[in-house]
Amino acid sequence: MTEWWDKQIQRADHLAPKANGSKELLEFYAQLLRAQKNIYEFLRGHKHWLPSGDLEHDLPVVVNALPGFLRVVESCGPASLAAEAADLSQADPQVLAERLMMYWGNASDIQFFEKAALQPYLRWVADSGARPVGREAAVGERFCPFCGGSPQVSFLQNKETTAESGNRDLICATCLSSWEFRRVVCANCGEERPAKLGYFHSPEFDHVRIEACDTCKHYIKGVDLTRAGFAAPIVDEIDAAPLDLWAREHGYAKIELNLVGV
Ligand SMILES: [Zn+2]
Ligand SMILES: [Zn+2]
């Protein structure tokens, strides 16, 4: 999984200098990914400890992994997040612990610190063979089978072993794992009538598209790895932030905002 973080970081470093309309977002995200990788490494390297998957039980270790992450947000983040990071650094660790528990019980995409801190924790829960417990997870094909999270982005890839419908996957916004999903279905409401589903892309982002649903008025971005195998969906999704603007102007809401708030 360390390689997974490195791949995202390299992709963000690669895209940021030539980004059009998302340069600052990608520069921040590149630093954020480094801080998340450090959280992951801290947890993985913690002696004589493995996560139980019960956040309340694991909190003392998780909270100890966060000071470096808060410093990164304070120095590289947009003003409002930087100020909040400074406050949290000074606050009693219990404040952060309580916020993490609230997110654990009811995740929301506007809770930046909680979402960013728990992604690497949940990755290590998954990689170490545990499962999240003590949270009411949403169940259904549109939710992550591991943690119940909502999808952050979808991607297409060639899989030799599966049929046409089997090559679309969703990446979980909460734990970053992925799961197979049917190709022509709204990832928010399950709409499957083709006339209600629209796809929009601009030549600028050849391998990224908006996948919109006229029934629930939600959208998700899709990254086509068959056109750009070197892409990293959660990073390329941020690079293509101008497409989100287009979607919002056309009345669609994103299923889940990403960590840079787009
Ligand atoms: Zn998940
Ligand atoms: Zn829908």
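Keep in mind the model is a prediction, meaning the values are calculated, not measured. (Residues numbered from 1 in each chain as written. Chains lettered and ligands numbered in written order. Predicted model: local features only at pLDDT ≥ 70, side-chain atom pairs only at ≥ 80, totals over all residues. Heavy atoms only, no water.)

A.B. asks: Can you help me understand the domain arrangement of the protein in this one?
C.D. replies: Accessible area lost upon the coming together of the parts serves often as the stated size of an interface. Taken as a whole, the protein is organised into domain 1 (2-127) and domain 2 (151-254). Each of domain 1 and domain 2 has a C-alpha centre, and these two points are 24 Å apart. On the domain 2 side, the residues contacting the 20 residues of domain 1 number 20 residues. Regarding the contact of domain 1 and domain 2, the summed buried area is about 1,700 Å², with carbon and sulfur atoms giving 60% of it. Applying the counting criterion to the domain 1 and domain 2 interface returns one salt bridge. Across the salt bridge formed by Asp236 and Arg11, the nearest N and O atoms sit 2.6 Å from each other. Summed over the shared surface of domain 1 and domain 2, the number is seven residue pairs in polar contact (both at pLDDT 80 or more). (Domains from an automatic or database assignment. Contact = heavy atoms within 4.5 Å. Buried area = accessible area lost by both parts, 1.4 Å probe. Salt bridge = Lys/Arg side-chain N within 4 Å of Asp/Glu carboxyl O. Polar contact = N/O pair within 3.5 Å; in protein donor to acceptor, adjacent residues only side chain to side chain.)

A.B. asks: I'm lost on the side chain of Arg123 in this one. Help?
C.D. replies: Mapped onto the secondary structure, Arg123 falls in helix 7 (residues 112-127). Taking relative accessible area as the criterion, Arg123 reaches 8% and is therefore assigned buried. Beyond its immediate chain neighbours, meaning those up to four positions away, Arg123 contacts Met1, Trp5, Tyr40, Cys175, Leu176 and Ser177. (Helix = DSSP H or I, 4+ residues; strand = E, 2+ residues; numbered from the N terminus. Buried < 20%, exposed > 50% of the residue type's maximum accessible area, 1.4 Å probe, protein only.)

A.B. asks: What should I look at first to understand helix 3 (residues 55-64) in this one?
C.D. replies: Each full turn of the α-helix corresponds to 3.6 residues, which orients residues three or four apart in the same direction. By the burial criterion, the buried members of helix 3 are Leu55, Asp58, Leu59, Val61, Val62 and Val63. Residues of helix 3 that are buried in the fold lie against helix 2 (23-44), helix 4 (67-76), helix 6 (93-105) and helix 7.

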